[in-house]
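# Structure at a glance
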Amino acid sequence: MSAVVEETTKPGLREGAFGNATGLACRECGHEIELGPFYACPECFGPLEIAYDFPVVTREQIEAGPANIWRYKALLPVPSDIEESPNMEPGFTRLLRAHNLGKQLGIDNLWVKDDSTNPTNSFKDRVVACALSAARELGSTVFACPSTGNLANAVAAAGARAGIKTVVFIPANLEHPKVVNSAVYTEQLVAVNGNYDDVNRLASEIAGEEDGWAFVNVNVRPYYAEGSKTLGFEIAEQLGWRLPDQIVIPVASGSQLTKVNKAFQELIKLGLVEDKPYKVYGAQATGCSPVSVAFKSGAQIVKPVKPDTIAKSLAIGNPADAVYVLDICRRSNGAVEDITDEEVREGILLLARTEGIFTETAGGTTVGVLKKLVETGQLDPTLETVVINTGMGLKTLDAVSDRVAAAATIDPSYDAFVATGLA
Ligand SMILES: Cc1ncc(COP(=O)(O)O)c(C=O)c1O
Ligand SMILES: [Zn+2]
């Protein structure tokens, strides 16, 4: 009898539940364990990452796939029938040539990867789609996350579409549009009196206490994080199966930056792009810049900080992947840089007025850091450069609303218009 109970509470995985993934490998000591709801190495507590045995994958196979992240499903920990289960179908967002911004900054060959057009308007839809697949395959009954805002939006929407109980946890002082953008999808939104790091600690505690909860960025983090690789895959494919020379990426937990780099490495190993050097740059806001501070001081470890910045989506004071970001940026001869909140606002306006893209504070940070990197000689303006816009300006209107206004308020007459001098 007890054996039966054991079986029903711990269902086995179906064949191919995680596609070509073969196990979970520790980033620190290399120890490998079986696939499951695990995220810390049982030997050394290091973070676990997905290990694969990739088959031959060709450009043609990928190009024949759908115009979303599932075109790369062979390179993700998802089953081959992933498109059949309800999901948000994120990805394959635009890679735009940024002539005007490039001209303004003196960069010859600049591209913007615009992830603001994902279903809930940030790159988080990518990672959540992979986490949802893992939650489904693991038989989880609750889909959840601690979030700086965008992740909560993506989890709440994907959970609604998948028809799974969804609970999202956010810091209570989040931007109002980000709260509404979650609350429309779920009635189970929990605002916590504390910063993101407090919310994250609470989520880890709940994950340890409650059965069947899939916290996307806690206990199914290895699967979740793989979703960010699709940004790197798409950039390479959209450049014509080529890696850029330089790439600038915002850093909160650091997961996205490490995974874009992993994507480039996998494409090289699979022979889908030519092996060549590229430089990776991380962008932070000065009010939450633990990785940038460590980079500049030459430190190997990252000291946690208490965030104080308008770039709330990047406000993680104790980033999980900080040391890996440092390592990638140093080894690739890139850098990690930070800018003030005023420069973040200027970055938002600069991108809007040169390229017609309204980004949120995270994108303002990335564009502002790109500008600073050129001005300080850390980024080569003659090399092909990609900057990632990860979010949408309508979610952080307050950041710029007192900087923009109608040029004039007039009566509806031609004379009144001429009097404005705008004719
Ligand atoms: C818009 C936006 N950009 C970038 C990031 C940073 O992502 P990561 O935690 O993977 O470094 C976040 C994280 O919440 C975000 O919301
Ligand atoms: Zn280990």
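In case you missed it, the structure is sitting above this.
A brief structural summary. What you see is a predicted model, and the numbers here were worked out from it, not measured in a lab. (Residues numbered from 1 in each chain as written. Chains lettered and ligands numbered in written order. Predicted model: local features only at pLDDT ≥ 70, side-chain atom pairs only at ≥ 80, totals over all residues. Heavy atoms only, no water.)

For the rest of this paragraph, the subject is a negative patch on the surface. Residues Glu205, Glu209, Glu210 and Asp211 make up a contiguous surface patch of negative charge. Tracing the backbone shows Glu205 in helix H7 (residues 196–209). Under the relative-accessibility criterion, Glu205 is labelled exposed at 53%. (Patch = residues over 30% accessible without salt bridge, like charges linked within 9 Å, V, L, I, M, F, W, Y side chains within 5 Å. Areas by Shrake-Rupley, 256 points an atom, 1.4 Å probe, with all protein chains shown as cover. Salt bridge = Lys/Arg side-chain N within 4 Å of Asp/Glu carboxyl O. Lys, Arg positive; Asp, Glu negative; His and termini not counted. Charge placed at Lys NZ, Arg CZ, Asp CG, Glu CD. Helix = DSSP H or I, 4+ residues; strand = E, 2+ residues; numbered from the N terminus. Buried < 20%, exposed > 50% of the residue type's maximum accessible area, 1.4 Å probe, protein only.)

Attention now moves to the packing of aromatic side chains. In the structure shown here, the tally under the stated rule is 6 aromatic pairs. Here the aromatic rings of Tyr72 and Phe233 are separated by 5.2 Å at their centres, their planes lie at 40°, and the arrangement is tilted. Of this pair, Tyr72 sits in the loop between helix H2 (59–63) and strand S4 (94–97) while Phe233 sits in helix H9 (residues 229–238), and the two are 161 residues apart along the sequence. When its relative accessible area of 1% is taken as the criterion, Tyr72 is described as buried. Ring plane angle 25° and centroid distance 5.6 Å describe the contact between Trp213 and Phe215, whose orientation is recorded as stacked. Judged by its relative accessible area of 15%, Trp213 falls in the buried class. By relative accessible area, Phe215 is classed as buried at 0%. An aromatic cluster is present here, built from Phe169, Trp213 and Phe215 joined pairwise through their rings. The aromatic ring of Tyr324 is capped on one face by Arg27, whose charged end is 3.8 Å from the ring centroid. Arg71 extends its terminal NZ or CZ atom over the ring of Phe92, reaching a point 4.0 Å from the ring centre. (Phe/Tyr/Trp six-rings, centres within 6.5 Å; stacked < 30°, edge-to-face > 60°. Lys NZ or Arg CZ within 6 Å of the ring centre and 35° of its normal.)

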